[in-house]
Structures are given as structure tokens and as C-alpha cells.
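# Overview (structure and organization)
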Amino acid sequence: MTAAQFDPDSARFGSSRSQKRLEDDRLLAGRGRYSDDRSFAGEAWLVLVRSPHAHARIVAVDLGAARSAPGVIAAWSIEDLRAGGAGQIPFPPLFKRADGAPMAAPPRTLLADGRVLYVGQPVVAVIAETREQAQDAAEAVVVDYDALPCVTDPRRSIEPDAPQLWSAAPGNVSAEARYGDAGAVDEAIARAAHVTRLRLHNQRLIAFAVEPRCSIGVVENGRGALYTQNQTPTGARDSLAAALGGQAADYRVIVGDIGGGFGMKTGLANEDALVCHAARSLGRPVRWRADRSEEFLAAHMGRDQHYDATLALDRDGRILALRMDMLANFGAVPVGSTAIIPLALGPKVQTTVYRVPRIDFRVRGVLTNTMATGAYRGAGRPEANYLMERLIEQAAREMRIDPAEIRRRNFVPEGGFPFSTHLGDVYDSGAFGRMLDAVLERSDWSGFAARREDAMRRGRLRGRGLASYLEWTGAIPTETVDIQVDADGTVTVFSGTQAMGQGLETTYTQLITEVLQIPIRGVRIVQGDTDRATGVGSVGSRSAFVGGSATVAAGRRVIVRGRELATEALEAAPGDIEYRDGRFSIAGTDRSITLAETAAREAQGFIRVSATETPSAPSWPNGAQVCEIEIDAETGEVEVVALTSVDDIGRIINHAIVEGQIHGGIAQGVGQALYEHAVYDPDSGQLLTGSLMDYCVPRADQLPPMNAAFDESVPCKTNLLGVKGCGEIGTIGAVPAVVHAVLDALQGRDTAQLEMPFTPEKIWRVLQGAGQRA
């Protein structure tokens, strides 16, 4: 294992940047293998009875009618699971409460235990021969509930008289983190020439994937096998062992194609463990698949953070200090990623691209009677960047400083790298001012006035918004890749990262064909089977950053081993052996041997190597976006008319894939800014946005052609390839850029209470002079 740093020779990787995605022919022709493309003989169906209450005691459960219903094989409550040896899914104990006690929250039992804590919590599992029979039997289950008061808003949840969710978490505060120096920030605020204050809500979002979650439990050769959609198969396997007993080697997780993940399909879900327990108990395959409403209700959600923030500046608009107090809505039963996002990942990038001499951050994770929040595209970084950009934009307006100029005055300068943050991280490289200048030029920033006047003549309000932003990638920065070269010349790459639409098959194939100088047709990529490849998986834009580096390192080891074998075969000194185009030769002669022929000389008939790469530090992608919008003054409808981005994501391996990632990320950012909001009724705890009738996601026809550009002149110095990650940066920049554009179009009106999403109704109310916080 090596602590990798940038290898200048890696600049050649990605020379085939126009290579079309290799997986697309298969997927577009209907040859993908999604969860519903699998079937097993004797397969039964599992359906869940979910809580209709946000908070209630379970008085009694009557399964008699359900168990006697046609086709029913079993019906279980939590007591039945315990009797069968099932436990609970652990969450990482990484954080503490303010008094030093460990983070406290209700355990993740597979079914509700004594109380239900949110609408949609699974209470009873019914297994039948068909899905329809299981659904009919589920309706025959009788659960007697004693309803209790509920709380859905973390601001209300920390009040002294709020309903308490868990006795070990007094005041419903599950965990807390503090960063910085409160006294120093007090002093800076006291002497500041200007102080900007904002109260914001980064609203809750549904992690909407086109393919609903689906899990199939099977017993294979005495071992538990889980066929599912999961971005972290190895972690899911390990959690299965923790939840159901035994060792990790007793389980196998197999993942095919994934119809969207976005962080929601990480870790182990209750339903995953339930189908595996059912398969083991019943001796036959068991399948569960969510319908769309179930997915809205019971898959973990994203964001939901409330901020009170203060930015202190001197008279020239230079930042003196930042204070941030955040309440993060954990939901009722945290998942594995719930706590780390607000308590660690957000604070890590909170100062983003700016020099902030003093900080004081307080983050509290609060329990509420809602579904858990967890990883969703960006996972803490969009929230942090949104807050910072809103603060600096507001400061610019209040101080009458040009929004681009105030950013320039506060950027970490190009000569300031490496740059150490308050949390102990180090930015290895960056050119933040260069990204800003480039996006202003590409977006024709200086020509905006004419476009605004034209919009006014058409009865529309035009606004422009700017955002500078910083990303952090490289979560759990270690990955191992194995490569096998067979005697027929086939090269197989085994990686524990996981494809979910981001084109890893193409990316890894490009890298290995360039290292080994062989045709693409001879390369196979194996992911998504823990018996064949293990690793961290694909989260936090880490796949190319870590997995790509490991792929190249393993490819180089193939050449080293092949050279050793060629030296023996050709009876030459190692220094005389050259490698080119898949062939080893003696320099200056015509004597040679192919890579495939060297593989045949191994005792086992193939070359097998392994390489583990650990980048020496995370990477820090960054960039700038400009958005222009127009508002219909009669209806309040917002139209996004132009989106321009310039990003520093280090070296680019495949331009088409990178552009697709940026475009998709921007679309999700536009969705948060204008359309999406998961809303619970504060009195009943019912999810009010439980379907696409109530929850709006952006469509392709609501987005303009995107003007995306990249600056590769600042490669990452902490990994072999110089890449920085690109999967989430589009989302990070789009949210504040779009919001700033809307606020610019509404300047002169009362927008102080305006919160995302900026729906037509909210905008119309502002235009009518009836602005309100919503």
C-alpha cells in the first residue's frame, strides 16, 4: 500500500477522452441487469406493514388472520425476529453529546420494537407465495396503537416541553460538535465594520432514484446471499453479519446495474436484512420491492438543516469571522451516514474557498419523528456552500460591493497553497480567482444589462446569480484493485467501487488499456460481487480519485510481473526488456513475447496482481457558476434560461462522462432551489409530499443547454492521476447560483422570509408584496 501523490506521467491518462461509454449499448438495448431482471426458482415475496403513526406505543399485534390468509408462508413481528436470531443494524459511534456521553439514538431494529417513531417504520413482515397474496395478508394484520405526541421540526424538538424520543438523548439532542474559538469570534464581531446575519433552512429532499429499491435474499451453499442495489456492497455484507449473526464470510452481496443511487443506496437497509433473514429461516429465496409511495416514505432522505449564521467583515468587505449554529434533523432512527454529514462533512468545507480567520461552529443533531436523513448527492457540502454563498452575497448587497469583487477579496490566493483549514485539513491546490474570471467571461457577465432590459420589454423579470464553491472528495481514501491477465489475453479488473450510472466501466477500461497498451475489447470490469471484489464502494465522488488510482497502480504491477516472466522466456537481462503495445521485446531485436504469452507461463496459467492505493490527502474540487433566470411577473413562474460553470476537477479521464456528471448534478441543484421539498405535517407527522403528485422533481424541458467548461491546469497533488472528483460538484454550485439569480430578479422587494424551494406561489406572493417564510 502506498500513500499516493500525483505522478506527472499520469497526465497522459485520458488521452481517449472522446471514448463513448461502453456500458451504454448494453443498457440502451435492454440488456442491463437491474433487480427485476433477476428471478429465482421458488421465490417468495415479502411485504411490510408500516406504521401509520409518527409516534405511538405498540399495544398489541394480532397476526392470526394474516397467517391463515391464502398463500402466506410466515408473518413476523419483532418478537419473532428475535426468536429467530435477528438483531439490529449498528450505526457508527463516531460522535458524542455535549456532556461527553456517546451519541444516543434509538437502535435500528429490523421491525419496530415497542414503539413506532415515524410514519412508515416497518412493524410487521409478511411473506407469501406472491406479492399480491402478501399485500392482501398485510391488510389483515391488526396492530393496536396508543398514539403519542410527535415532533417533526428540530427547532421545536429541542424545546423543553417537546415530546422525547429516546431517554438517553435528553432534549432530543443525539450528538453535538463544536469547532473554533467562540471568544475570538465574539471579539471580531464586536470590532467589525459590518455584520451580516442570516437564518436559513436547507430543506429536506427525497433522494429520488428512478429504480425503486429491491432486495432478494437467497441461501447459496449454506451462505446468505443478498441480490440488491447498493453503492457499498462490502459494507452491506459486513452489516448483514452484524445484524443477523456470523462472520462477513458467511454472506455474499451481489449488485447488478443500479437505476440511480445518489447516496440513498448506501449501507444496509432494514429490508435487505429482512429478506436475508427470511431466506435463511424459510429455506427459499425471498424478494422485496418498494413501490413508489413506499420509497418516498421509508428510504432515507437528504438535507434538512436549520442555520443561524453571522459573518463579520471589515470596511473593505474582507471576512473577519464566521459563526454558525446548525440544527440538523436526524429523523427518528439514524442510518449509518446520518450523523457524519452535518457533524463532520459540512464543517469540513464550511469556509469553502475563502480565508476566514476565525470560526465558531456549533452543530447539534436532533431527533424528530420523521424518516432518517442521510447521504444525498453532496452530503453536507451543498448545505455548507449554500450557507457561505448566501452570507457573502448578502454582505455584498448590504455593503454595496460588486458580488464578484467581494469574492475576489476573500479567496485563498493562488500563492496561498498548501492552505490549512481550521479543522486541520489542507487544500493542496486551487486557483479560485481563475475559475471566477473564467465563468464571468463565458457567461457574458458584462452583457447582462442588455438581456435584463430585453426581458423587461417582454414583461419578464431577469436575474443573474453567481456562486463560488468548494467540494471535498475521497471519503475513506483506500481502495484495492486486482487484475488478472489470462492466457487468451483477456484482462479482468476487479474493483470494490460500484457503478451506478457514472460510467466506471468506461473509465477503468480507458485507464487499463492505456497502461497496458492493449485494445479495449480485451478488458472486462468486475464490480458488485463481494466474493470477487471488495472495497469501500462508490460514495463521496471517490471512484476515480481512489479506485482509478488503484487501477493504474495494479496495471503497472502487471507490467512488472510480465517483465519478470518475459526476462525468463527470452533469456535476457531485465534492463533489456521493453514493453509496448501489449508485447515485451528485447531492445534492438525482433525477439518478443506477448503479455498473454507471459501469463500462460505462470504456474496457474494467468497473471494475478493486486494494488492498494491510499491518496496522501483528500482532494478539493472547486469552481464557479453563473445562472440567469426569468420570472413571469403574472404567475411567479421561474424559468432557468442560462447556466454556465467552470470547474477545477483536476485531470479529466473522459470528457463526456464528466460533462454528464456535472449536468446531472446541476439538475439536482436546480431541483432543490426551485421545486423540491419533503414536507411533514407538524401535528400528525404524516408525510404530505408522498408521491410525484405532491413532490416536484425537475424535468429535462425545464433546463437550458448547459455551458460547462473545465480548467485542468491545477491537478490534484494527492493521488496518482491528479483527478479531484466530479460527481457532486454540479449540485453544490447550482443551488446558490439559482437562488441568487432569483433574488437578483426580485431586488427591491421583500425577500427576507423567502426560503427554498422558490416555487411560483412564493414568488407570486413576493411580487404581490405578501412575502412570508414558507
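Being a predicted model, the structure only gives us computed values, none of them experimental. (Residues numbered from 1 in each chain as written. Predicted model: local features only at pLDDT ≥ 70, side-chain atom pairs only at ≥ 80, totals over all residues. Heavy atoms only, no water.)

### Overview of the overall build of the protein
- Each helix and strand counted, the protein has 20 helices and 31 strands in total.
- Its C-alpha atoms give the protein a radius of gyration of 27 Å, within 12% of the compact-globule value 28 Å for 774 residues.
- When the backbone C-alpha atoms are referred to their principal axes, the protein occupies close to 85 × 70 × 55 Å.
- Of all 774 residues assigned to the protein, the portion counted as buried reaches 61%.
- For the protein, the share of sequence-separated contacts (at least 6 apart) that also reach a separation of at least 24 residues comes to 80%.
- Accessible area of the protein: about 28,300 Å², with a carbon and sulfur share of 49%.
- Across the protein, 81 positive and 96 negative side-chain charges occur, with their mean positions spaced 2 Å apart. (Helix = DSSP H or I, 4+ residues; strand = E, 2+ residues; numbered from the N terminus. Rg over C-alpha atoms; globule rule 2.2 N^0.38 Å. Buried < 20%, exposed > 50% of the residue type's maximum accessible area, 1.4 Å probe, protein only. Contact = heavy atoms within 4.5 Å. Areas by Shrake-Rupley, 256 points an atom, 1.4 Å probe, with all protein chains shown as cover. Lys, Arg positive; Asp, Glu negative; His and termini not counted. Charge placed at Lys NZ, Arg CZ, Asp CG, Glu CD.)

### Overview of the packing of aromatic side chains
- A full pass over the atoms with the stated rule returns nine aromatic pairs.
- Ring geometry for phenylalanine 417 against phenylalanine 432: centres 5.5 Å apart, planes inclined by 80°, an arrangement best described as edge-to-face. In this pair, phenylalanine 417 sits in the loop between helix H12 (403-410) and strand S19 (419-420) while phenylalanine 432 sits in helix H13 (residues 432-442), placing the two residues 15 residues apart along the sequence.
- On the accessibility criterion, phenylalanine 417 (17% relative accessible area) is buried.
- Residue phenylalanine 432 is classed as buried on the basis of its relative accessible area, which comes to 3%.
- Geometrically, the ring pair formed by phenylalanine 419 and tyrosine 427 is tilted, given 5.5 Å between the ring centres and 40° between the ring planes.
- What makes tyrosine 427 buried here is its relative accessible area of 0%.
- Following the ring pairs from residue to residue traces out a cluster consisting of Tyr354, Phe411, Phe417 and Phe432. (Phe/Tyr/Trp six-rings, centres within 6.5 Å; stacked < 30°, edge-to-face > 60°.)

### A short note on the nonpolar core
- Ranked by size, the top nonpolar core spans 136 residues in total, and within it Ile629, Ile631, Val670, Leu674, Val742, Phe758 and Ile763 carry the most contacts.
- The biggest single contributor to this core is helix H19 (residues 729-745), with eleven residues.
- In contact with valine 670, not counting residues within four places along its chain, are Val640, Leu643, Tyr675, Leu703, Ala734 and Val738.
- One finds Ala572, Ile577, Val609 and Leu720 within the second-largest nonpolar core, a separate group that totals 41 residues. (Core = buried A, V, L, I, M, F, W, Y, C linked by side-chain atoms within 4.5 Å.)

### Quick notes on the sheet that holds strand S4 (residues 72-76)
- Strands sit in the order S4-S8-S2-S15-S12-S13-S14 across an open sheet of seven strands; the sheet is mixed. Every other strand in the sheet has two partners, leaving S4 and strand S14 (251-255) as the edge strands with one partner each. Averaged over all pairs of adjacent strands, the angle between strand axes in this sheet comes to 25°, irrespective of strand direction.
- The pairing of strand S2 (residues 44-50) with strand S15 (residues 286-289) spans two bridges and is parallel. Residue tryptophan 45 lies in a different strand from S15, and its bridge partner there is arginine 287. (Pairing = 2+ DSSP bridges. Axes fitted to C-alpha atoms, helices over the stretch in contact; angles between N-to-C directions.)

### Looking at the environment of threonine 370
- Mapping threonine 370 onto the fold places it in the loop between strand S18 (358-367) and helix H11 (381-399).
- On the basis of relative accessible area, threonine 370 is assigned to the buried category, the value being 1%.
- Residues in contact with threonine 370, not counting those within four places in the same chain, are Leu117, Tyr118, Thr152, Arg204, Asn329, Gly331, Ala332 and Tyr680.
- Looking at threonine 370, its side chain comes within polar contact range of the side chain of arginine 204, at 2.9 Å.
- Within the local environment of threonine 370, its side chain forms a polar contact with the side chain of threonine 368, the two groups lying 2.8 Å apart. (Polar contact = N/O pair within 3.5 Å; in protein donor to acceptor, adjacent residues only side chain to side chain.)

### Concerning the pattern of salt bridges
- Scanning all chains against the criterion turns up 61 salt bridges.
- Residue arginine 457 pairs with aspartate 454 through a salt bridge whose shortest N-O separation is 3.7 Å. Residue arginine 457 and its partner aspartate 454 are both found in helix H14 (residues 448-457); the two are separated by three residues, about one turn of the helix.
- Classification of aspartate 454 by relative accessible area gives partly exposed; the value is 32%.
- Sharing partners across several salt bridges, the network here consists of Asp444, Arg451, Asp454, Arg457, Arg458, Arg460, Arg462, Glu628, Glu630 and Glu639. (Salt bridge = Lys/Arg side-chain N within 4 Å of Asp/Glu carboxyl O.)

### A look at unusual backbone geometry
- That bond from phenylalanine 417 to proline 418 is cis: its omega, 0°, falls within 30 degrees of zero.
- Inspection of the secondary structure assignment puts proline 418 in the loop between H12 and S19.
- In this structure, threonine 352 is a non-glycine residue whose phi angle is positive, near 50°.
- Among the structural elements, threonine 352 can be located in the loop between helix H10 (340-348) and S18.
- Of note in the backbone geometry, aspartate 444 takes a positive phi value of approximately 55° without being a glycine.
- The topology assignment puts aspartate 444 in the loop between H13 and H14.
- Looking at aspartate 444, the relative accessible area reads 37%, which means it is partly exposed.

### Some words on the environment of arginine 408
- Along the chain, arginine 408 falls in helix H12.
- Separated by 29 residues in sequence, arginine 408 and aspartate 437 place their C-alpha atoms 9.5 Å apart.
- Filtering out sequence-adjacent residues up to four positions away, arginine 408 remains in contact with Leu436, Asp437 and Leu440.

### Re H11
- For H11, spanning 19 residues, the distance from its first C-alpha to its last is 27 Å, which sits close to the expected 27 Å at 1.5 Å a residue.
- Counting buried positions along H11 yields 16 of 19 residues, so the element is predominantly enclosed.
- Residue arginine 400 follows H11 closely and has a positive phi angle near 55°. (Expected span 1.5 Å × (residues − 1).)

### Examining the packing of H11 against H12
- Contact geometry for H11 and H12: axes closest at 9 Å, N-to-C directions at 120°. Relative to H12, the element H11 is oriented oblique. For the pair H11 and H12, the sense of crossing is right-handed. Only Pro403, Ile406, Arg407 and Asn410 of H12 make contact with H11, whose side of the interface consists of Glu389, Ile392, Glu393, Ala395 and Ala396.
- Partitioning the contact of H11 with H12 into residue classes produces five nonpolar, one polar and three charged. (Parallel < 35°, antiparallel > 145°, perpendicular 65-115°, else oblique. Left-handed = near helix turned anticlockwise from the far one by under 90°. Nonpolar A, V, L, I, M, F, W, Y, C, P; charged D, E, K, R; others polar.)

### Section: H12
- For H12, every residue scored as buried is listed here: Ala404, Ile406, Arg407 and Asn410. On an axial view of H12, the arc spanned by its buried residues comes to 165°, and they lie on one face.
- Against strand S16 (302-313), strand S17 (319-331), H11, H13, strand S21 (460-470) and H19 lie the buried residues of H12. (Arc of directions from axis to C-beta.)

### A look at the packing of H12 against H13
- Between H12 and H13, the shortest axis-to-axis distance is 10 Å and the interhelical angle comes to 165°. Taken as axis vectors, H12 and H13 run roughly antiparallel relative to one another. Classified by chirality, the crossing of H13 by H12 is left-handed. Two secondary-structure elements touch here, H12 through Ala404, Arg407 and Arg408 and H13 through Leu436, Asp437 and Leu440.

### Quick word on the pairing of strand S3 (residues 56-62)
- Where S3 lies against strand S7 (residues 115-116), two bridges are found, and the strand directions are antiparallel. For alanine 56, the partnering residue across the bridge sits in S7 and is valine 116.

### Topic: the side chain of serine 495
- Inspection of the secondary structure puts serine 495 in strand S23 (residues 491-495).
- Its relative accessible area of 0% is what places serine 495 among the buried residues.
- A polar contact is formed between the side chain of serine 495 and the side chain of threonine 497, at a distance of 2.7 Å.
- Beyond its immediate chain neighbours, meaning those up to four positions away, serine 495 contacts Val481, Tyr508, Val526, Gln527 and Ala533.

### Some details on the sheet that holds strand S31 (residues 706-710)
- Strand order in this open sheet of four strands is S21-S29-S30-S31, and the pairing throughout is mixed. Either end of the sheet is taken by a strand with one partner, and the two such strands are S21 and S31. Strand-to-strand twist in this sheet, taken as the mean axis angle between neighbours without regard to direction, amounts to 10°.
- The pairing of S21 with strand S29 (residues 622-632) spans eleven bridges and is classified as antiparallel. Bridge pairing in S29 places leucine 466 opposite valine 626.
- Set on the sheet, helix H18 (residues 655-674) makes contact with S29, strand S30 (638-648) and S31; between it and S31 the angle comes to about 125°.

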